[in-house]
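# Summary of structural features
Now for the letters of each chain:
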There are 2 protein chains.
Amino acid sequence: MTVAPIIALDIMGGDEGASVTVAAAALARMRYPETRFRLYGDEAVIEDALRKYPALKAESQIIHTDVRVLGTDKPSQVLRSARKSSIGLAVGAVKAGEAHAAVSAGNTGALMALAKIGLKTMPGIDRPALAALLPTMKSDVVMLDLGANAECDDENLSQFAVMGACFARIVLGIDTPSVAILNIGEEDLKGTDDHKDAAEALRSAKLDFTFAGFIEGDKIGRGEVDVIVSDGFSGNIALKSIEGTARLVVELLRRAFRANFWSILGFVMSKRVLSSLRAHLDPNAHNGAVFLGLNGVVVKSHGSANVEGFANAIGVAHDLVADGIQERIATDLARFQAQRHAPAAEQQAAE
Amino acid sequence: MTVAPIIALDIMGGDEGASVTVAAAALARMRYPETRFRLYGDEAVIEDALRKYPALKAESQIIHTDVRVLGTDKPSQVLRSARKSSIGLAVGAVKAGEAHAAVSAGNTGALMALAKIGLKTMPGIDRPALAALLPTMKSDVVMLDLGANAECDDENLSQFAVMGACFARIVLGIDTPSVAILNIGEEDLKGTDDHKDAAEALRSAKLDFTFAGFIEGDKIGRGEVDVIVSDGFSGNIALKSIEGTARLVVELLRRAFRANFWSILGFVMSKRVLSSLRAHLDPNAHNGAVFLGLNGVVVKSHGSANVEGFANAIGVAHDLVADGIQERIATDLARFQAQRHAPAAEQQAAE
């Protein structure tokens, strides 16, 4: 793309607010010098945080709002007022064409609702999906949907696969990613009818990904596929089970290391090992969940992200805009739909 | 109960077959001297394995069969012949009243199918559920359904809660266990209608457990509740995500420890720490998934269980029989149903 990406940032979101988000914008500006930022939030707070970053300040536009959505607010209760919040205005900028992407570390439910209502789903997409990277033994894996839709049918799952493959091509840099559907067994007969029908549709699709069939929960961490597709319910359960278990194991280790003199000595000797483990599993390194399938790029950062983490979320937004995720999804979806409605002709053309 | 438990063992199941299962029976016999065993499988193999355990041999009955179901067999293909296999005959013994419980480390799908068809569901239970213990930061937690039913409605979930509480009372020894439903958020509005309706039914139930609402995947490992209820799809995804992540973290640790001299030294100093971690997460210590809701006790051992692990699975079967799990579930279910059909009268009586 020839236009420089413009990214709308919700400065007020996240546990630390402007002190993290503004510093992250300054870091991202150095990584992606052509990018320009629109900063949404309390002007006085933003101005104050920008004092340390005169170059960022000179290039950025501040859009003031008093309205804040708290992390604990229920989306259903705040939706009306939230449109004028820093989250709502950042999403609105994408809708108005003033920015190519919005990034927020704020209330997930509010961001999803505002993005869905404000940007609407792309033509050919029935429901948007929340996608993110997870660490594995090998490279990272893209997982979607991570919780946007509690119930999904076979059409939704197939569309998630197409979107997830486009996402993987950009963020993992893989030309022909492998895509699997999360299921309770690997045999064709496993799961619900929706799982089987989605697998059937993907198996016969001729797109720039390979369909690897079904994958079970214990294989997520093995890194054998590049994209894992699931309904939002089990995807969310898987994601959180993984997060919880990683924390459990690290906590058990920490306790065990405090047991006696030898274990404390062992801990001291192993400190670098343990930090390398922590680094591998660090949520900040994998920060930036993307709400795919809307008319615009929307990235959700962890609320607890640090400067590096929020800058990584901005980086995801940058890459998706710069590599034209929207156009890629639109093109692949059109091919996928054309194949399903005229499979014989397409097959002939492919031969 | 006054009768000594009689347990039917599938001797041929599991990765190691008779060498593990017979040794485990001998170990279980020492732990539960009043228990008697019926051993199903190839007579010559069983006789051979029993040579080391004359006391067990003297008290046990061997029932010969040539038919074996392999771990890789698809249940749909083997179901007819499987009835005469060591798994099928062990389940059949429970049906015929010749044993109180059956234990197998064989093909899960075949065991579930044979048990469901052979024993049928208890009155008041629409679908049986697979329940097991998982390690947490505190005590263990009971989870069900772990994969018997890909789709579950609110009635199924409520019945799982009642059964899970009975199971927890026996295996965890807690008089009033706390029960939560696995969901993608903790607020009342989260999840599908089935989740919300099940929560509503459990919230107003007056039984010997407390209903703790919804719980998210990352809280499974915290040990804040005693029973976690889920549909079989997301329960299986959660279980396997947990297993896979624990393995991933341990593997990453192992790799990191091999990095250099200091980390190897650290590893040596930390060996006891790491084995204590492994012991805490050891699947053998938590072995024995139970197929709840059938007219009889059926316990599934991990295929890879060692002697200790298979003996633990036998121990679960023993405890459930000795503590009358079937009668407990029947009683609690009847109370639950009575409350739902006459809530006002029950409420009055309770005041």
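A quick note: this is a predicted structure, and the numbers were derived from the prediction, not measured.

### Here's the deal with the overall build of chain A
A tally of helices and strands in chain A yields 13 helices and eleven strands. Projected onto the principal axes, the alpha-carbon positions of chain A cover approximately 60 × 60 × 40 Å. With 351 residues in all, chain A has 55% of them scored as buried. Counting only contacts in chain A whose residues sit at least 6 apart along the sequence, the fraction spanning at least 24 positions is 72%.

### Let's talk about the sheet that holds strand E3 (residues 61–64) of chain B
Residues and elements named next belong to chain B. The strand order across the open sheet built from eleven strands is E3-E2-E1-E4-E11-E10-E5-E6-E9-E7-E8, with neighbouring strands paired in mixed fashion. Whereas interior strands pair on both sides, the edge strands pair on one side only; in this sheet they are E3 and strand E8 (210–215). Taken over all neighbouring pairs, the strand axes of this sheet differ in orientation by 25° on average, direction set aside. Sheet contacts for helix H7 (residues 154–171): strand E5 (129–134), strand E6 (141–144), strand E7 (178–182), strand E9 (227–229) and strand E10 (289–292); angle to E9, the most-contacted strand, approximately 160°.

### Things to note about the nonpolar core
Of all hydrophobic cores here, the largest spans 233 residues; its most connected members are Ala101(A), Ala131(A), Ala317(A), Ala101(B), Ala131(B) and Ala317(B). Discounting residues that sit within four places of it in the chain, Ala131(B) has contacts with Val142(B), Met143(B), Leu144(B), Leu146(B), Gly164(B), Phe167(B), Ala289(B), Val290(B) and Leu292(B).

### Considerations on the domain arrangement of chain A
All names here are of chain A. The domains assigned to chain A are domain 1 (1–122 + 293–324) and domain 2 (126–288). Look at where the C-alpha atoms of domain 1 and domain 2 centre, and you get two points 26 Å apart. Broken down by secondary-structure element, the contributors of at least two residues to the side of domain 1 that touches domain 2 are helix H6 (108–119) and helix H11 (307–322). Broken down by element, the side of domain 1 that touches domain 2 gets its largest block of residues, seven residues, from H11.

### Details of the environment of Ser304(A)
All names here are of chain A. Structurally, Ser-304 is set in the loop between strand E11 (297–300) and H11. For Ser-304, a count of 14 C-beta atoms within 10 Å puts it in the partly exposed group. Taking the C-alpha atoms as reference, Ser-304 lies 34 Å from Gly-124; in sequence the two are 180 residues apart.

### So, helix H2 (residues 43–50) of chain B
All names here are of chain B. Burial in H2 covers these residues: Ile-46, Ala-49 and Leu-50. Buried residues in H2, looked at end-on, bunch into an arc of 100°, giving them a common side. Structurally, H2 contributes buried residues whose contacts are with helix H1 (18–31), strand E2 (36–41), helix H3 (54–59) and E3.

### A word on the pairing of strand E11 (residues 297–300) of chain B
All names here are of chain B. Here E11 shows a buried face lined by Val-297 and Val-299 and a second buried face lined by Val-298 and Lys-300. In this sheet, E11 lies alongside strand E4 (residues 101–104) in parallel orientation, the contact comprising four bridges. Residue pairing in the sheet places Ser-104 in a bridge with Lys-300 of E11. Where E10 folds back onto E11 in an antiparallel hairpin, the turn is made up of four residues, including Gly-293, whose phi is positive at roughly 105°.

### Details of the sheet that holds strand E7 (residues 178–182) of chain A
Residues and elements named next belong to chain A. Strand order across the open sheet formed by eleven strands is E3-E2-E1-E4-E11-E10-E5-E6-E9-E7-E8, with mixed pairing between neighbours. At either margin of the open sheet sits one strand with a lone partner, and together these are strand E3 (61–64) and strand E8 (210–215). When the angles between neighbouring strand axes are averaged without regard to direction, this sheet yields 25°.

### Some remarks on the packing of H1(B) against H2(B)
How two helices pack is summed up by the angle between their axes together with the distance between the axes. Residue and element names in this part refer to chain B. Two elements in contact, H1 and H2, have axes separated by 9 Å at closest approach and are oriented at 55°. Classified by the interaxial angle, the pair formed by H1 and H2 is oblique. For the pair H1 and H2, the sense of crossing is right-handed. Contacts between H1 and H2 pair Ala-18, Ser-19 and Val-22 from the former with Val-45, Ile-46, Ala-49 and Leu-50 from the latter.

### Observations concerning the pairing of E8(B)
All names here are of chain B. One ladder, built from four bridges, connects E7 with E8; its direction is parallel. Within E8, the position partnered with Ile-181 by the bridge is Phe-214. Of the crossover connections in this fold, the one passing from E7 over helix H8 (residues 193–203) to the parallel E8 is right-handed.

### Side note on the environment of Glu216(A)
By the secondary structure assignment, Glu216(A) is in the loop between E8 and strand E9 (227–229). Look at Glu216(A) and you get buried, because 21 C-beta atoms sit within 10 Å. C-alpha separation for the pair Glu216(A) and Leu133(A), spaced 83 residues apart in sequence, amounts to 17 Å. For Glu216(A), the residues in contact, after removing those within four places along its chain, are Asn183(A), Ile184(A), Gly185(A), Glu186(A) and Lys240(B).

### A few points about the environment of Asp226(B)
Residues and elements named next belong to chain B. Note that Asp-226 resides in the loop between E8 and E9. For the pair Asp-226 and Asp-140, spaced 86 residues apart in the sequence, the C-alpha separation amounts to 7.4 Å. Those residues within four positions of Asp-226 in sequence are excluded, and the remaining contacts are Val-141, Val-142, Ala-168, Leu-172, Ile-174, Pro-177 and Ser-178.

### Description of the packing of helix H4 (residues 75–82) of chain A against H6(A)
Residue and element names in this part refer to chain A. As a packed pair, H4 and H6 sit with axes 10 Å apart at the nearest point and diverge in direction by 55°. Classified by the interaxial angle, the pair formed by H4 and H6 is oblique. For the crossing formed where H4 meets H6, the hand is right-handed. Judged by residue contacts, Pro-75, Val-78, Leu-79 and Ala-82 of H4 engage Gly-109, Ala-110, Ala-113 and Leu-114 from H6. Taken together, the residues of the contact of H4 with H6 break down into seven nonpolar, one polar and no charged.

Scoring rules and cut-offs
- Residues numbered from 1 in each chain as written.
- Chains lettered and ligands numbered in written order.
- Predicted model: local features only at pLDDT ≥ 70, side-chain atom pairs only at ≥ 80, totals over all residues.
- Helix = DSSP H or I, 4+ residues; strand = E, 2+ residues; numbered from the N terminus.
- Buried ≥ 20, exposed ≤ 12 C-beta atoms within 10 Å, placed from the backbone.
- Contact = placed C-beta atoms within 7 Å.
- Pairing = 2+ DSSP bridges.
- Axes fitted to C-alpha atoms, helices over the stretch in contact; angles between N-to-C directions.
- Core = buried A, V, L, I, M, F, W, Y, C linked by C-beta atoms within 7 Å.
- Domains from an automatic or database assignment.
- Arc of directions from axis to C-beta.
- Parallel < 35°, antiparallel > 145°, perpendicular 65-115°, else oblique.
- Left-handed = near helix turned anticlockwise from the far one by under 90°.
- Right-handed = clockwise from strand over helix to strand, strands pointing away.
- Nonpolar A, V, L, I, M, F, W, Y, C, P; charged D, E, K, R; others polar.

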